[in-house]
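# Report on the structure
Given next are the chains, with one letter for each unit.
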Amino acid sequence: MARHIDILSDPERGIREATILLARGLPVAVPTETVYGLAADATNPKAIARIYETKGRPQFNPLICHMSDLAMAERHAVFDPVSRRLAEAFWPGPLTLVLPLKAESTIHPLATAGLNSVGIRVPMGFAGELIRAFGRPLAAPSANTSGKISATSADHVEADLGTMIELILEAGSSAVGVESTIVKIEDGEIRLLRPGGLAAEDIERVAGQALVRKEGATPAIEAPGMLASHYAPGAAVRLDARDVSFGEALIRFGAADIVGEKNATIVLDLSASGDLSEAAANLFDFMKRADASGASTIAFSAIPDEGLGEAINDRLRRAAAPRE
């Protein structure tokens, strides 16, 4: 039997009802500047288990724990000088720091997948206000079935998880449109674990050093978004397309003409002006629209691998990866 679901855009009422559900150990969908998240009490193992159950997410994949501010984060994690500088510069915002977990932290090991580190972010807007009202950190992966396209609107969440949750807090489309950038300070290096909504160049400017990207062997899962196959639509994904076959959907960038566009079931342009910020904001919504067109394959034209383009291409490579 389907649950009744409420979608609330009024902050005061939404936060009041959300805190009641969170205290009962139930997850709620919350808007953030990156994507919509499926949030639950990060200190309550039953609540965290419900996140994994609702998403169908493997429990070896850790969850980002969202805090109201730096002071709350300091109660749960150890900050080195570089991490602190990044937090002060970019929080609230689309940056996640993977930090050593304090022994006295109340974050449950189920949220960290048993690691001695924790990914922490301070979100903007509605989500930050909810955490302040609730008084405890919220574990909040993206509000979608695990491995599928992330949700950037309340409608996306309702279509995917609407029969499994009781409340969606609504605040329009996510402004950034891709998940947070994840970094970890280790042995004096800043490791980029996942490109995201904060450009690597901005982090390097504040940190005063280059980010390290690990190439080659598949890395251990230290943070969300590191699985080889992720963010995948039902259709197959083809990258760097220079032509379109009959029945494919086309998602292009920069208004560049693609040979055979008339063959496409749908043509969408991430940004006709070539703006990577606009492209990132449109990415997941356009993937869902292309998937709904009935195409067996979604063809993407090339996107520059710079600035936010690094995050976009990371998502597309994972969407195109072989699936189990």
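Since the model is a prediction, treat every value here as computed from it, not as a measurement.

With that out of the way, let us pick up the pattern of salt bridges. Throughout the structure, instances matching the rule amount to 16 salt bridges. The closest approach of N and O atoms between Arg84 and Glu74, which form a salt bridge, is 2.4 Å. Taken as a pair, Arg84 in helix α4 (residues 81-90) and Glu74 in helix α3 (residues 70-74) lie far apart in primary sequence, 10 residues in all. We classify Glu74 as partly exposed; its relative accessible area is 27%. Notably, a salt bridge pairs Arg252 with Asp269, separated by 3.2 Å at the nearest N-O pair. With Arg252 in strand β13 (residues 249-252) and Asp269 in strand β14 (residues 267-269), this residue pair connects regions lying 17 residues apart in the sequence.

With that out of the way, let us pick up the packing of aromatic side chains. Summed over the entire model, instances satisfying the criterion amount to 1 aromatic pair. Consider the rings of Phe79 and Trp91, whose centres lie 6.1 Å apart with planes at 90°: the pair is edge-to-face. Placement of the pair is Phe79 in the loop between α3 and α4 and Trp91 in the loop between α4 and β5 (95-100), with a sequence separation of 12 residues. We classify Phe79 as buried; its relative accessible area is 11%.

This paragraph deals with the pairing of strand β6 (residues 117-121). Burial analysis of β6 places 5 of its 5 residues in the buried class, which makes it a mostly covered element. By the alternation rule, side chains of β6 split into Ser117, Gly119 and Arg121 and Val118 and Ile120, which are all buried. Bridging between strand β4 (residues 65-66) and β6 involves 2 bridges; their strand directions are parallel. Bridged to His66 within β6 is Arg121. Here 4 bridges tie β5 to β6, and the two strands are oriented antiparallel to one another. When the bridges of β6 are listed, Leu99 appears paired with Val118.

This next bit is on the packing of helix α1 (residues 11-23) against helix α5 (residues 125-134). In contact at an axis separation of 10 Å, α1 and α5 are set at 55° when each is read in the N-to-C sense. By the angle between their axes, α1 is oblique relative to α5. Of the two elements, α1 crosses α5, and the hand of that crossing is right-handed. For the pair α1 and α5, contact is made by Pro11, Ile15, Ala18, Thr19, Leu22 and Ala23 and by Phe126, Glu129, Leu130, Ala133 and Phe134, respectively. When grouped by side-chain class, the residues that make up the contact of α1 with α5 number 9 nonpolar, 1 polar and 1 charged.

Our next topic: the nonpolar core. In this structure, Leu86, Trp91, Leu95 and Leu97 are the most contacted members of the largest nonpolar core, which totals 67 residues. Per-element tally for this core: the top contributor is α5, with 5 residues. Excluding anything up to four places from it in sequence, Leu86 contacts Trp91, Leu95, Leu97, Val183, Ile203, Val206 and Ala207. By size, the runner-up hydrophobic cluster in this structure holds 28 residues, among which are Val178, Phe253, Leu270 and Phe286.

Definitions and limits used
- Residues numbered from 1 in each chain as written.
- Predicted model: local features only at pLDDT ≥ 70, side-chain atom pairs only at ≥ 80, totals over all residues.
- Heavy atoms only, no water.
- Salt bridge = Lys/Arg side-chain N within 4 Å of Asp/Glu carboxyl O.
- Helix = DSSP H or I, 4+ residues; strand = E, 2+ residues; numbered from the N terminus.
- Buried < 20%, exposed > 50% of the residue type's maximum accessible area, 1.4 Å probe, protein only.
- Phe/Tyr/Trp six-rings, centres within 6.5 Å; stacked < 30°, edge-to-face > 60°.
- Pairing = 2+ DSSP bridges.
- Axes fitted to C-alpha atoms, helices over the stretch in contact; angles between N-to-C directions.
- Parallel < 35°, antiparallel > 145°, perpendicular 65-115°, else oblique.
- Left-handed = near helix turned anticlockwise from the far one by under 90°.
- Contact = heavy atoms within 4.5 Å.
- Nonpolar A, V, L, I, M, F, W, Y, C, P; charged D, E, K, R; others polar.
- Core = buried A, V, L, I, M, F, W, Y, C linked by side-chain atoms within 4.5 Å.

Functional significance is not addressed by these values, which are geometric in nature.
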